[in-house]
Amino acid sequence: MSKKIYKYQLDTTDIQRIEMQQGAEILCVQTQNEIPCIWALVEPNATVTKRTFEIFGTGHNVPENANRSYVGTYQLNNGQLVFHCFELHGLTE
């Protein structure tokens, strides 16, 4: 079966959970019309699961006590605000 690329909107907030297909491969984080988004390669019929993301502004503290991986960076207000997105791993509902 063919995969598709889906877009998921992000909030510029400390932590959030986003529903996406299990096994989704995150391709990038960018803004579209000043809205931060994650684009991911997905199997459309896969089970939907929740994944947890954190957003940190440049210069903000990033705690070391979590299992996280870098996803991407995006800018708002013509580059005046720069944010960095990480995925938290190992969290259960």
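Computed from a prediction, not measured in an experiment: that's the story for all the values here. Along every chain, residues carry numbers that run from 1 in the direction the sequence is written. For a predicted model such as this one, the threshold for reporting local features is a pLDDT of at least 70, and the threshold for listing and counting side-chain atom pairs is 80 or more; totals across whole chains, interfaces and linings nevertheless cover every residue. Each side-chain value is derived from all of the structure's non-hydrogen atoms; neither hydrogens nor water enter the calculation.

### Describing the packing of aromatic side chains
Any aromatic ring pair is given by two values, namely how distant the centres are and how the planes are angled relative to each other. Ring geometry is summarised as follows: Phe, Tyr and Trp rings, the Trp one being its six-membered ring, pair when their centres sit within 6.5 Å, and such pairs are stacked at plane angles under 30 degrees, edge-to-face over 60 and tilted between the two. Overall, the coordinates contain three aromatic pairs when judged by the stated rule. Both rings, one in Phe56 and one in Phe86, keep their centres 5.8 Å apart while their planes meet at 75°; by these two values the pair is edge-to-face. With a gap of 30 residues between them, Phe56 in strand E5 (residues 48–57) and Phe86 in strand E7 (residues 81–88) connect regions that are remote in the sequence. No difference in accessibility class separates Phe56 from Phe86, as the two residues are buried. One aromatic cluster is present, built from ring pairs that chain together Phe56, Tyr70 and Phe86. Secondary structure elements follow DSSP: runs of H or I no shorter than four residues count as helices, runs of E no shorter than two count as strands, and numbering proceeds from the N terminus. Residue exposure (1.4 Å probe, protein chains only): buried if accessible area is under 20% of the type maximum, exposed if over 50%, otherwise partly exposed.

### Here we look at the pattern of salt bridges
Any Lys or Arg side-chain nitrogen found within 4 Å of a carboxyl oxygen on Asp or Glu counts as a salt bridge. One pass over the structure, following the stated rule, counts two salt bridges. Across the pair Glu87 and Arg51 runs a salt bridge whose closest N-O atoms are separated by 2.8 Å. On the criterion of sequence distance, the pair formed by Glu87 in strand E7 and Arg51 in strand E5 is long-range, its members being 36 residues apart. No difference in accessibility class separates Glu87 from Arg51, as the two residues are buried.

### As for the sheet that holds strand E3 (residues 25–32)
The pairing criterion for strands is at least two bridges between them, as found by DSSP. With antiparallel pairing, three strands are arranged side by side in an open sheet as E1-E4-E3. The open sheet has two edge strands with one neighbour each: strand E1 (4–9) and E3. If you compare each strand with its neighbour and ignore which way they point, the axes differ by 25° on average. Taken together, the seven bridges between E3 and strand E4 (residues 35–42) define a ladder with antiparallel strand orientation. Bridge assignment links Gln32 to a residue of E4, and that residue is Ile35. To obtain each axis, a line is fitted to C-alpha atoms, and for helices this fit is confined to the stretch in contact; angles are then taken between N-to-C directions over 0 to 180 degrees.

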